[in-house]
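Coordinate analysis (summary)
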Amino acid sequence: MNIQPFFPDGSPDSLEAELRNAIKGNEFVLFYQPQFNLVTSTFEGIEALIRWQHPEKGLILPDEFIDVAEKSDLIIDIGEWVLKTACLKFKIWQDQGLSPMRIAVNVSGKQFKQEKFVDYVINVLNEINLSPNCLELELSEKMIINENDHMIIQMIRQLNKLGILIALDDFGAGNSSYDYLQRIPVDRIKIDKSYIRDIHHNHLNEETVKSLIQLAAKLNLQLVAEGVETLVQLQMLLTHQCKEIQGYYFSEPLPAEQLEKFLIANRV
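The text that follows walks through the structure, step by step, so that each part is easy to find. (Residues numbered from 1 in each chain as written. Predicted model: local features only at pLDDT ≥ 70, side-chain atom pairs only at ≥ 80, totals over all residues. Heavy atoms only, no water.)

1. Section: the environment of Phe 43
To be explicit about the condition: A helix here means a DSSP run of H or I that spans at least four residues, while a strand means a run of E at least two residues long, and both kinds are numbered starting from the N terminus. Only protein chains enter the calculation, and the probe is 1.4 Å; a residue is then buried if its accessible area is under 20% of its type maximum, exposed if over 50%, and partly exposed in between. Only heavy atoms enter the contact rule, under which two residues are in contact if any of them lie within 4.5 Å.
With respect to the secondary-structure elements, Phe 43 resides in strand S2 (residues 42–54). Residue Phe 43 is classed as buried on the basis of its relative accessible area of 14%. Counting along the chain gives 161 residues from Phe 43 to Leu 204, while the straight-line C-alpha distance between them is 30 Å. Once residues lying within four places of it in the same chain are set aside, the contact partners of Phe 43 are Pro 34, Gln 35, Phe 36, Pro 100, Met 101, Phe 262, Leu 263 and Asn 266.

2. Observations regarding the packing of helix H1 (residues 12–24) against helix H3 (residues 74–96)
Threshold: Axis angles are defined between N-to-C directions and span 0 to 180 degrees, where every axis is a line fitted to C-alpha atoms and, for a helix, only to the segment in contact. Two helices that cross are described as forming a left-handed crossing if the nearer one is turned anticlockwise from the farther one by less than a right angle, and a right-handed crossing if clockwise. Gly is placed with the polar residues, together with every amino acid not listed as nonpolar (Ala, Val, Leu, Ile, Met, Phe, Trp, Tyr, Cys and Pro) or charged (Asp, Glu, Lys and Arg).
Running from N to C, H1 and H3 cross one another at 35°; their axes reach a closest spacing of 11 Å. Crossing handedness for the pair H1 and H3: left-handed. Contacts between H1 and H3 involve Glu 16, Leu 19, Arg 20 and Ile 23 from the first element and Leu 74, Asp 77 and Ile 78 from the second. A per-class count over the contact of H1 with H3 returns four nonpolar, no polar and three charged.

3. A short note on the pairing of strand S6 (residues 165–171)
The criterion, for reference: If DSSP finds at least two bridges between two strands, the strands pair.
Judged by how many residues are buried, S6 sits mostly within the fold: five of seven residues are covered. Two elements, strand S5 (residues 135–140) and S6, share five bridges in a ladder whose sense is parallel. Bridge pairing in S6 places Glu 136 opposite Leu 165. Two elements, S6 and strand S7 (residues 188–191), share three bridges in a ladder whose sense is parallel. Paired with Ala 167 across the bridge in S7 is Arg 188.

4. Describing the side chain of Arg 188
The cut-off we apply is this: The term polar contact refers here to a pair of N or O atoms within 3.5 Å; inside protein, the definition further demands a hydrogen-donor-capable atom paired with an acceptor-capable atom, and it admits residues adjacent in sequence only when both atoms are side-chain atoms.
Mapped onto the secondary structure, Arg 188 falls in strand S7. The exposure class assigned to Arg 188 is buried, which follows from its relative accessible area of 6%. Here Glu 136 takes part through its side chain, which lies 2.6 Å from a polar atom of the side chain of Arg 188. Polar contacts involving the side chain of Arg 188 include one to the side chain of Glu 244, which spans 3.5 Å.

5. Some words on the environment of Ala 225
For Ala 225, the location among the structural elements is in strand S8 (residues 222–226). As for Ala 225 and Leu 254, which are separated by 29 residues in sequence, their C-alpha atoms are 19 Å apart. Not counting residues up to four positions away in its chain, the partners in contact with Ala 225 are Ile 191, Ile 196, Leu 237, Cys 242, Glu 244, Ile 245 and Gln 246.

6. Regarding helix H5 (residues 117–128)
The condition that has to hold: Every helix has an expected span of 1.5 Å times one less than the residues it contains. Note: the arc covers the axis-to-C-beta directions of the helix.
When the terminal C-alpha atoms of H5 are compared, their 17 Å separation across twelve residues agrees well with the 16 Å that a helix rising 1.5 Å per residue should span. Phe 117, Val 118, Val 121, Val 124, Leu 125 and Ile 128 are the residues of H5 that are buried. Viewed end-on, H5 has its buried residues packed into an arc of 125°, placing them on one side of the element. In H5, the exposed positions that point more than 90 degrees away from the buried face belong to Asn 126 and Glu 127. Phi turns positive one or two residues past the end of H5, at Asn 129, with a value near 65°.

7. Let's talk about the environment of Phe 31
In this structure, Phe 31 sits in strand S1 (residues 28–37). A relative accessible area of 7% places Phe 31 in the buried class. Measuring from C-alpha to C-alpha, the distance between Phe 31 and Leu 165 comes to 21 Å, with 134 residues separating the pair along the chain.

8. Some details on the packing of aromatic side chains
Between two aromatic rings, the relevant description is the distance of the centres plus the angle of the planes. Heads up, the condition is: Pairing of aromatic rings covers Phe, Tyr and Trp, the last counted by its six-membered ring, and requires centre-to-centre distances within 6.5 Å; plane angles under 30 degrees mean stacked, over 60 mean edge-to-face, and any other angle means tilted. Cation placement over rings: the criterion is NZ of Lys or CZ of Arg within 6 Å of the ring centroid and within 35° of the ring normal.
For the coordinates displayed, the defined rule picks out eleven aromatic pairs. When the ring of Phe 28 is compared with that of Phe 65, the centres are 5.8 Å apart and the planes differ by 40°; the resulting orientation is tilted. Placement of Phe 28 in strand S1 and of Phe 65 in the loop between strand S3 (58–60) and helix H2 (66–71) is noted, with a sequence separation of 37 residues between them. Accessibility expressed as a relative area gives 7% for Phe 28, which makes it buried. Here the aromatic residues Phe 36, Phe 43, Tyr 249, Phe 250 and Phe 262 are joined through ring pairs into a cluster of three or more. Between the NZ or CZ atom of Arg 51 and the centre of the ring of Phe 31, over which it lies, the distance is 5.5 Å.

Listed below in structure tokens is the structure:
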């Protein structure tokens, strides 16, 4: 797979212009990474992850362009495309009997704060005829704790009432407190992969992961450990009662066609 960095010397303005052309040229694609339940031995979710299929540079990861998109209004158009495309593909898999329980989609801070964001989500689900409880919106922990509590809670509760799941992404990076988590009505937290990466040789990271798992259990929240790549990491997470994982140990993010084959081959 030819994944290359974007123009190292390119300015934000030139990259923004490239992104505008990418939207017009339909150059974005979605990859999908399954989330595995260690207790039930089933794939319970799929996270949709955007990639940019640049005509000259090849496949570009979001780290290379999301910040520029976020600082402009382009993230709105990109985010809406991701949500609709992911839900549509998930509905197809669901009708084929292939899909796990939910499709997870990342939502940027600027996208989430749009006045008509909730209405857009409702319209997408209605148009595709997808049940709201199949959709999980992933919100960055840092984005949530830096925003007005009342506004965030009100929007999340609107989505909760519809049956849409809310996940707190990159958990641990934003230093959310126990009291804060009690106020924010989320369904799932995702442990930041930086803690998982060093869990087997960093005692502090191991204790942090252990505490986060215990915190999720105390608050009756579901939990996913991201970035699980090795058997050692998996075994340590099992030791600390982690029930759900996501990472290269089971599967890298895959194009839709490859994911279909992967799910069929790994039905357990």
